[in-house]
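Letter by letter, the chains look like this.
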Amino acid sequence: MREFSIAAIPADGIGPEVIGAGIAVLKVLAERRDDLRLNYQIFDWGSAYYKRHGVMMPADGLERLKRFDAIFFGAVGAVDVPDHVTLWGLRLPICQGFDQYANVRPAKILPGITSPLRNAGVGDLDWVIVRENSEGEYSGAGGRVHRGLPEEVATEVSVFTRVGVERIMRYAFLLSRSRPKKRLTVVTKSNAQRHGMVMWDEIAEHVSRDFPDVVWDKMLVDAMTVRMVMKPQSLDTIVATNLHADILSDLAGALAGSIGVASTANIDPERRFPSMFEPIHGSAFDIAGKGIANPIATFCTAVQMLDHLGEGAASAQLMQAIERVCASGIMTPDLGGKASTSDVTDAVCRAIRGHNILDA
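Residues numbered from 1 in each chain as written. Predicted model: local features only at pLDDT ≥ 70, side-chain atom pairs only at ≥ 80, totals over all residues. Heavy atoms only, no water.

Draft legend 1. Geometry of the environment of P180. Tracing the chain through its elements places P180 in the loop between α5 (162–178) and β8 (183–188). Taking the C-alpha atoms as reference, P180 lies 9.3 Å from D236; in sequence the two are 56 residues apart. (Helix = DSSP H or I, 4+ residues; strand = E, 2+ residues; numbered from the N terminus.)

Written out as structure tokens, the structure reads:
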């Protein structure tokens with residue numbers, strides 16, 4: 001019996017709904033197996049905590065999370081709390097504090113889900129986007145002076161370090177090598193950003209020499225959006241900066257059918273600290289409490305979490321259940337269905353148990 005401790009941070013908006021669904025599915029999965037036990041501790045950090053205490057998480061939050069094997073995260077964002085407060089108060093301190101420098105975002109068309117791309121079906125869009133997650137445009141460097149005055153100035157400085165760029169490039173090349181196509185696309189904007197992005201390109205070229213078996217190419221980020229839409233089959237593994245990959249991965253989720261099926265993993269590849277797993281969709285406070293949030297992204301991030309923990313068989317079992325439910329047509333409104341969050345969750349639980357998923 002392998003046992004893991006999971007820190008669950010449901011946080012804001014639909015976060016509590018989808019994390020609750022994710023834990024329910026993982027509990028059924030563990031019950032069906034005789035080799036896995038998952039223990040959870042739920043932390044009430046987020047915007048509600050901020051309104052009570054003036055901070056998104058306590059000062060010793062990272063220290064309290066260190067002992068866990070993984071972090072299962074919902075979303076941050078509230079109507080009445082500024083977005084920069086929620087993001088820099090909870091999610092980014094965890095990512096940067098635990099040096100989770102590889103943000104890994106799979107995107108694929110699942111069975112039964114219709115992509116907005118013409119004539120695109122299962123297998124036509126099957127990507128992994130690797131996002132540099134520790135520096136770049138989200139480094140936090142910069143400031144504001146002369147606030148409120150006509151001469152006010154704000155700077156937002158992108159920071160690219162050789163160690164930061166090289167380690168994400170090596171991670172992306174290694175990941176690409178592990179996939180059947182062994183194909184990597186490096187996203188850049190070095191025609192206009194002639195310092196950090198030129199260094200990014202040079203390091204990609206340098207690292208590529210250690211991976212002669214990986215076919216790689218380079219695309220400007222604006223041209224990349226066109227290629228994603230027009231030639232999805234030409235892509236496989238993609239690496240990009242913090243900002244570029246943040247944007248491109250949302251597009252990828254939409255092209256796969258809905259951002260409600262898009263998952264992400266914030267990985268510390270050296271395993272010095274716990275890694276964090278979350279759906280991409282954010283807090284979606286416009287539908288919070290309505291019971292229609294799509295839990296598939298959270299289930300898929302649970303698949304990533306199990307993979308990271310070395311539980312490949314359990315991960316595959318969960319992914320098979322997800323695909324079976326999607327293929328059956330049990331879907332939430334964002335995918336054109338009429339199912340509720342609990343309907344989809346119950347169906348995945350039935351699939352894991354080997355029952356008829358259409359039985360209520």
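Draft legend 2. Structural detail: the packing of aromatic side chains. For the coordinates displayed, the defined rule picks out six aromatic pairs. The interplanar angle of 45 degrees and the centroid separation of 4.7 Å between the aromatic rings of F43 and W45 together place this pair among those described as tilted. For the pair formed by F43 and W45, the shared burial category is buried. Centroid distance F160 to W200: 6.5 Å. Interplanar angle 70 degrees. Geometry classified as edge-to-face. Taken together, the residues F160 in the loop between β7 (153–159) and α5 and W200 in helix α6 (residues 196–208) connect sequence positions 40 residues apart. Sitting over the ring of Y101, R167 keeps its end group 3.9 Å from the ring centre. (Phe/Tyr/Trp six-rings, centres within 6.5 Å; stacked < 30°, edge-to-face > 60°. Buried < 20%, exposed > 50% of the residue type's maximum accessible area, 1.4 Å probe, protein only. Lys NZ or Arg CZ within 6 Å of the ring centre and 35° of its normal.)

Draft legend 3. How the structure looks around the pairing of strand β12 (residues 275–279). Here β12 lies mainly inside the structure; five of its five residues are buried. What you see with β12 is no split at all: S275, F277 and P279 on one side and M276 and E278 on the other are buried throughout. Across three bridges, strand β3 (residues 70–75) lies against β12 in parallel orientation. Each bridged residue has a counterpart across the sheet, and for I71 the counterpart in β12 is M276. (Pairing = 2+ DSSP bridges.)

Draft legend 4. Representation of unusual backbone geometry within the structure. Positioned with a positive phi, R271 is a non-glycine residue whose angle comes to about 60 degrees. With respect to the helices and strands, R271 occurs in the loop between β11 (263–267) and β12. For R271, a relative accessible area of 51% gives the class exposed. Positive phi, normally seen in glycine, also occurs at A284, with a value near 40 degrees. By the secondary structure assignment, A284 is in the loop between β12 and α9 (296–308).

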